[in-house]
Amino acid sequence: GRPAVEPVCQLALEGKTTGALRLPKAEGEGGDADEAACTNEARFYFKEVVGSDLRVHLWDRGDTRFGLGFEDQTFCGGAFVPLSTIIQMGSRSLSEQFSNESFD
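Residues numbered from 1 in each chain as written. Predicted model: local features only at pLDDT ≥ 70, side-chain atom pairs only at ≥ 80, totals over all residues. Heavy atoms only, no water.

(A) Fine view of the overall build of the protein chain. What the protein chain contains, in helices and strands, is three helices and four strands. Listing the helices and strands of the protein chain from first to last along the sequence gives β-β-α-β-β-α-α. The buried share among the 104 residues of the protein chain stands at 25%. Considering only intrachain contacts with a sequence separation of at least 6, the fraction spanning at least 24 residues in the protein chain is 55%. When the accessible surface of the protein chain is split by element, carbon and sulfur atoms take 52% of a total near 8,000 Å². (Helix = DSSP H or I, 4+ residues; strand = E, 2+ residues; numbered from the N terminus. Buried < 20%, exposed > 50% of the residue type's maximum accessible area, 1.4 Å probe, protein only. Contact = heavy atoms within 4.5 Å. Areas by Shrake-Rupley, 256 points an atom, 1.4 Å probe, with all protein chains shown as cover.)

As structure tokens, then:
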């Protein structure tokens, strides 16, 4: 395939899905007000870590086929990331892995 022109990401966990997440424009790149206010982070509330996967979906918003109802034609791929792996990578000790109420 070819590189995405304007990649957008969508995350899903336990049936909850984010809207489009985009990288912020680098300083001096310009862009319109919509791009300046783009969302680039998400917060999920979840109950179970074991057996839960964070789903990652990628689309190319810059593709000419990207439009209302035709987003699936610009799908670039995705991944399932075990939530327990993300938490283990961000924690310092075993006790911290399950005592935290919030994970970055």
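(B) Structural context of the sheet that holds strand S3 (residues 53-60). If you walk across this open sheet you meet the four strands as S2-S1-S3-S4, and the pairing is antiparallel. What marks the edges here is a single partner per strand, and that holds for strand S2 (16-17) and strand S4 (75-82). (Pairing = 2+ DSSP bridges.)

(C) Focus on the pairing of S3. The pairing of strand S1 (residues 7-13) with S3 spans six bridges and is classified as antiparallel. Bridge pairing in S3 links Val8 to Trp59.

(D) Quick look at the nonpolar core. In this structure, Cys9, Leu11, Leu13, Leu21, Phe44, Val49, Leu54, Val56, Leu83 and Ile87 together form the largest nonpolar core, which totals 10 residues. Of all the elements in the fold, those that place two or more residues in this core are S1, S3 and helix H2 (83-90). Tallying contributions element by element places S1 first for this core, with three residues. Aside from chain neighbours lying at most four places away, what touches Cys9 is Gly19, Ala20, Leu21, Val56, His57 and Leu58. (Core = buried A, V, L, I, M, F, W, Y, C linked by side-chain atoms within 4.5 Å.)

(E) Structural detail: the packing of aromatic side chains. A full pass over the atoms with the stated rule returns one aromatic pair. With a centroid separation of 5.4 Å and 70° between ring planes, the pair formed by Trp59 and Phe75 is classed as edge-to-face. With Trp59 in strand S3 and Phe75 in strand S4, this residue pair connects regions lying 16 residues apart in the sequence. A relative accessible area of 14% means that Trp59 is categorised as buried. Residue classification places Phe75 among the partly exposed positions, given a relative accessible area of 41%. (Phe/Tyr/Trp six-rings, centres within 6.5 Å; stacked < 30°, edge-to-face > 60°.)

(F) Up close: unusual backbone geometry. Although it is not a glycine, Glu14 adopts a positive phi angle of roughly 50°. For Glu14, the location among the structural elements is in the loop between S1 and S2.

(G) Summary view of the pattern of salt bridges. Here the structure, examined in full by the defined rule, presents three salt bridges. Among the ionic pairs, Arg22 bridges to Glu6, the shortest N-O distance being 3.6 Å. Here the residue Arg22 occupies a position in the loop between S2 and helix H1 (33-36), and Glu6 occupies one in the segment before S1, the gap between them amounting to 16 residues. A relative accessible area of 12% means that Arg22 is categorised as buried. For Glu6, a relative accessible area of 21% gives the class partly exposed. Here the residues in one salt-bridge network are Glu6, Arg22 and Arg61, joined through shared partners. (Salt bridge = Lys/Arg side-chain N within 4 Å of Asp/Glu carboxyl O.)

So far we have only geometry, and geometry alone does not tell us how the molecule works.
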